[in-house]
There are 6 protein chains.
Amino acid sequence: MKIKVSRKASFNAAHRLFRPDWSNEKNDAVFGKCNNPRYHGHNYDLTVSVTGEIDPETGFVMDLKVLKELIKEHVEEALDHKNLNVDVPEFKNLNPTAENIAVVIWDKLRPHIDKKKELEVVLYETPRNFVTYSG
Amino acid sequence: MKIKVSRKASFNAAHRLFRPDWSNEKNDAVFGKCNNPRYHGHNYDLTVSVTGEIDPETGFVMDLKVLKELIKEHVEEALDHKNLNVDVPEFKNLNPTAENIAVVIWDKLRPHIDKKKELEVVLYETPRNFVTYSG
Amino acid sequence: MKIKVSRKASFNAAHRLFRPDWSNEKNDAVFGKCNNPRYHGHNYDLTVSVTGEIDPETGFVMDLKVLKELIKEHVEEALDHKNLNVDVPEFKNLNPTAENIAVVIWDKLRPHIDKKKELEVVLYETPRNFVTYSG
Amino acid sequence: MKIKVSRKASFNAAHRLFRPDWSNEKNDAVFGKCNNPRYHGHNYDLTVSVTGEIDPETGFVMDLKVLKELIKEHVEEALDHKNLNVDVPEFKNLNPTAENIAVVIWDKLRPHIDKKKELEVVLYETPRNFVTYSG
Amino acid sequence: MKIKVSRKASFNAAHRLFRPDWSNEKNDAVFGKCNNPRYHGHNYDLTVSVTGEIDPETGFVMDLKVLKELIKEHVEEALDHKNLNVDVPEFKNLNPTAENIAVVIWDKLRPHIDKKKELEVVLYETPRNFVTYSG
Amino acid sequence: MKIKVSRKASFNAAHRLFRPDWSNEKNDAVFGKCNNPRYHGHNYDLTVSVTGEIDPETGFVMDLKVLKELIKEHVEEALDHKNLNVDVPEFKNLNPTAENIAVVIWDKLRPHIDKKKELEVVLYETPRNFVTYSG
């Protein structure tokens, strides 16, 4: 009798899609205007979900106030108002696509969530583009 | 070849998170401002989903007008404009967390949905906090 | 050359619509299920707008970080997770309709906003019902 | 290590729910006002999701610019500003319920998506009614 | 000390933009794909606002339950699940653009709203296109 | 008998709030994390509104297809996927606050809108922060 609890958050960041080992021409062909070398940016909307049994003591799968603080400490402080390519170590050698950002967020949160519970991350790069990752 | 059909609804209710068998101090420590003994409240947003085969006669998995009426009769009439702790029998001895409310709603609807079909309830307590339950 | 800057916030509260000087029958006739004596509740969504000239130094009409803090201090701390009828002095003798709540919020914020600037409050009681007040 | 990437789109169309082999009375009884013989219509909102491995070269499961173009070519050009019953061959003998429209969209897109990847379609007929189909 | 109270509603309808006194070529040139002679359709979202003084007895500018019923009786029953061009007398000789629909709705509601109060109609034809009319 | 017609659009951009004639300390004190010298970014949501009489020929105040194209040509092509501070000439010596961006957009569009009609720009920097400018 598992249930999924979810918390929404957001952060604003600059990024650029490109591979330093490709030519400008190839980067432009693959990443188009997302390859602007002076960066562009997004309001990223994030939903973090944790699935497990309801604790009969509290009626919670996990206290969402705790989840909110974990997101703040491990995701927002690392990514909010940052240049993902330059300021965030994980993207020094990793292209900050929505897919890769979702995986990085999942990896940052996983150690702080009870191992018996499942973790899912949904990341909106724009209101029309989003990705879902569950490990 | 299954398909999921979903209907959104909402209800407005007061509630308080606490356990009568705990001290005030412990209730405050665990439930914080949600333990206000004079209650607070929410606009709860609900999505009810039913998964099954498409009926080749009608093109429906289930007539959403019927699902809308089931939600109205079994959920909205029981919970809308109510004090969950005081007015709703299911919460006399059950803490009305979002998790427990979702389970109560699922239990209320399950007998009225074709047994061969799956039922899922998503309950938003606020636009940023929500839970998903499938039995 | 005026411009309006707006900041959204929210709070969750219980309330009941009724007049203590009316009979139960009259309260029921006028306020319907909103007169539940054990209260119901809402997620109130708030937009606060300030209109004035752009400061050529900063490019701001008003720093929205400051407006966010004013809303937190004067509105959220007073109303969030509260029973409006019982916990909030302004509603001891005032029916907490959306109209009256918007006026109370406007009155709370007005002293903290530069007098040369206009103030507007939009308050959503539900996603379908809202009020707008400009003093 | 699979991840789901999603793209939203929309189209506006007229339709009517009915079966030509049923009497008017039976069509009215089953489909109600959706059986208006002069049609009614909707803004359909669509989310198309593709699930697969991240390409380590690009950081993409699938380039969402390509998915956007596939939706435009195969769904929007076929359905937008159309009368589904009259203009769209797939519904000549198929009742255009949300369920059937979702299946038609999935069938139109499936041949253009890498076979190793999963495809899911979510179709909103109204903001409160939607269906989800994964083949 | 005026305040504006607003209520949201919606209706789903088919329509076609064209002038019968123009050639097909001119209709196509001006109205494009909106001139499909077999119709297309929309989920129209409506916000109706009434501005006036707060009644000190009730705390209401106008009871939103009453406004909800007026919208249901005079707008939804006239327009929901209809073909605007064919089923709705006001559009027999009037092109059902969003602008004209908003004016028709305003004219339908105005006689039922207290003359001392102002009336405003906002009509969304799609989530990206909308019109605002105040008489 | 004026009516306002509105069209929504969006663009994604990087920016940084700072004044080059101020010290780093003063920029940090006033603009906080928005002064990250390596930039951050936003999905900007834009609503452009034009107010005027309805043309009795077409039923339009202004063809929204034309307004959509004007926004695309004069706003999206200039600002989408750009670094506002570096790529956009108007912000070479102007701090790209939401207020200033709204004024720049208004100034870009005004010459292309019929002089007898009023123009309004609403710009969302985040879902919670937005500005409104009418010249």
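This text goes with the structure placed above it.
Residues numbered from 1 in each chain as written. Chains lettered and ligands numbered in written order. Predicted model: local features only at pLDDT ≥ 70, side-chain atom pairs only at ≥ 80, totals over all residues. Heavy atoms only, no water.

> Would you mind showing me how to read the packing of helix 2 (residues 64-79) of chain E against helix 4 (residues 98-109) of chain E here?
Geometrically, a packed helix pair is captured by the angle between its two axes and the distance between the axes. Residue and element names in this part refer to chain E. Where helix 2 meets helix 4, the axes come as close as 10 Å, and the angle between the chain directions of the two elements is 140 degrees. The angle between helix 2 and helix 4 falls in the class oblique. The two elements helix 2 and helix 4 cross, and the hand of that crossing is right-handed. Across from L70, I71, H74, V75, A78 and L79 in helix 2, the residues of helix 4 making contact are I101, I105, K108 and L109. A breakdown of the residues in the contact of helix 2 with helix 4 according to their chemical character gives eight nonpolar, one polar and one charged. (Axes fitted to C-alpha atoms, helices over the stretch in contact; angles between N-to-C directions. Helix = DSSP H or I, 4+ residues; strand = E, 2+ residues; numbered from the N terminus. Parallel < 35°, antiparallel > 145°, perpendicular 65-115°, else oblique. Left-handed = near helix turned anticlockwise from the far one by under 90°. Contact = heavy atoms within 4.5 Å. Nonpolar A, V, L, I, M, F, W, Y, C, P; charged D, E, K, R; others polar.)

> Please clarify how the nonpolar core should be interpreted in this entry.
Generally speaking, soluble globular proteins have nonpolar side chains that are buried together. Grouped together as the largest cluster of nonpolar side chains are 106 residues, with contacts concentrated most on C:I105, E:I105 and F:I105. Formed by 105 residues, the second largest nonpolar core is a distinct cluster that contains B:L46, B:L64, D:I3 and D:V75. (Core = buried A, V, L, I, M, F, W, Y, C linked by side-chain atoms within 4.5 Å. Buried < 20%, exposed > 50% of the residue type's maximum accessible area, 1.4 Å probe, protein only.)

> Any chance you could explain the packing of aromatic side chains here in plain terms?
Working definition: an aromatic ring pair is given by the centre-to-centre distance plus the angle between the planes. For the structure on display, the rule yields 30 aromatic pairs over all chains. Summarising the aromatic geometry, the rings of B:W22 and B:F31 are spaced 5.8 Å apart at their centres and angled 20 degrees between planes, so their arrangement reads as stacked. In this pair, the class of B:W22 matches that of B:F31, namely buried. Their ring planes at 15 degrees and their centres at 4.3 Å tell us that D:Y124 and D:F130 sit as a pair that is stacked. D:Y124 sits in the partly exposed class, given a relative accessible area of 23%. Connected via pairs of aromatic rings, a cluster forms that spans A:W22, A:F31 and D:F60. Lying across the ring of B:W22, B:K26 places its NZ or CZ 4.2 Å from the centre. Here the guanidinium or amino end of E:R16 rests over the ring plane of E:F18, the centre of that ring lying 3.6 Å away. (Phe/Tyr/Trp six-rings, centres within 6.5 Å; stacked < 30°, edge-to-face > 60°. Lys NZ or Arg CZ within 6 Å of the ring centre and 35° of its normal.)

> Honestly, the pattern of salt bridges in this entry has me stumped. Any pointers?
Pairing between side chains of opposite charge can happen when their charged atoms approach one another. Tallied over the full model, the rule gives 48 salt bridges over all chains. The closest approach of N and O atoms between C:R19 and C:D21, which form a salt bridge, is 3.0 Å. D:K108 serves as the salt-bridge partner of D:E90, at 3.1 Å between the closest nitrogen and oxygen. Taken as a pair, D:E90 in the loop between helix 3 (84-87) and helix 4 (98-109) and D:K108 in helix 4 lie far apart in primary sequence, 18 residues in all. Given the relative accessible area of 33%, D:E90 is considered partly exposed. Residue classification places D:K108 among the buried residues on the basis of a relative accessible area of 18%. (Salt bridge = Lys/Arg side-chain N within 4 Å of Asp/Glu carboxyl O.)

> How should the interface of chain F and chain A be read in this particular structure?
The interface of chain F with chain A comprises 21 residues on the first partner and 21 residues on the second. Contact between chain F and chain A buries roughly 1,700 Å² in total, counting both sides, with carbon and sulfur atoms accounting for 49%. When residues of chain F are sorted by the area they lose upon contact with chain A, F:R38, F:N43 and F:H81 head the list and together hold 36% of the total. Between chain F and chain A we count four salt bridges in total. Scanning the region where chain F abuts chain A turns up 19 residue pairs in polar contact (both at pLDDT 80 or more). The residue makeup of the side of chain F that touches chain A, split by class, is six nonpolar, nine polar and six charged. (Buried area = accessible area lost by both parts, 1.4 Å probe. Polar contact = N/O pair within 3.5 Å; in protein donor to acceptor, adjacent residues only side chain to side chain.)

> Honestly, the side chain of D:H42 in this entry has me stumped. Any pointers?
The residue D:H42 is located in strand 2 (residues 40-53) in this model. Here the side chain of D:H42 touches D:H15 through a polar contact of 3.4 Å, side chain to side chain. In this structure the side chain of D:H42 is engaged in a polar contact, spanning 3.3 Å, whose partner is the backbone oxygen of D:E125. Among residues more than four places away in sequence, those in contact with D:H42 are D:F11, D:N12, D:A13, D:H15, D:E125, D:T126, E:N12, E:G41, E:H42 and E:N43.

> What should I look at first to understand the arrangement of the chains in this one?
The two units chain A and chain C never meet; even their closest C-alpha atoms stay 14 Å apart. Note that chain D does not reach chain F: the shortest distance linking a C-alpha of one to a C-alpha of the other is 14 Å.

> Help me understand the relation of the copies chain F and chain A, please; the structure alone is not making it clear to me.
Both copies of the chain are related through a single rotation about an axis accompanied by a shift along the same axis. The two copies are related by a screw operation: chain F maps onto chain A through 180 degrees of rotation and 0.0 Å of translation along the axis, at an RMSD of 0.0 Å. Both copies are brought into coincidence by an operation consistent with a two-fold rotation axis. (Least-squares fit on C-alpha atoms with pLDDT ≥ 70 in both.)

> What exactly am I supposed to notice about the side chain of A:E125 here?
Within the secondary structure, A:E125 is located in strand 4 (residues 118-126). No salt bridge is formed by the buried A:E125; the nearest opposite charge belongs to D:R7, separated by 8.3 Å. In this view, A:E125 contacts A:H15, A:H42, A:N43, A:Y44, A:T97, A:A98 and F:N43; residues no more than four positions away in its chain are not counted. (Lys, Arg positive; Asp, Glu negative; His and termini not counted.)

> I keep staring at helix 4 (residues 98-109) of chain A and nothing clicks. Help me out?
Residues separated by three or four positions in an α-helix point in the same direction, a consequence of the helix having 3.6 residues per turn. Residue and element names in this part refer to chain A. When the terminal C-alpha atoms of helix 4 are compared, their 17 Å separation across 12 residues agrees well with the 16 Å that a helix rising 1.5 Å per residue should span. Within helix 4, 11 of the 12 residues are buried, leaving the element largely enclosed by the surrounding structure. Here helix 4 has its buried residues at A98, E99, N100, I101, A102, V103, V104, I105, W106, K108 and L109. (Expected span 1.5 Å × (residues − 1).)

> Explain the environment of C:A98 here, please?
All names here are of chain C. With respect to the helices and strands, the residue A98 is situated in helix 4 (residues 98-109). The class of A98 is buried, set by a relative accessible area of 9%. Setting aside anything within four residues of it in sequence, one finds A98 in contact with L123, E125 and V131.

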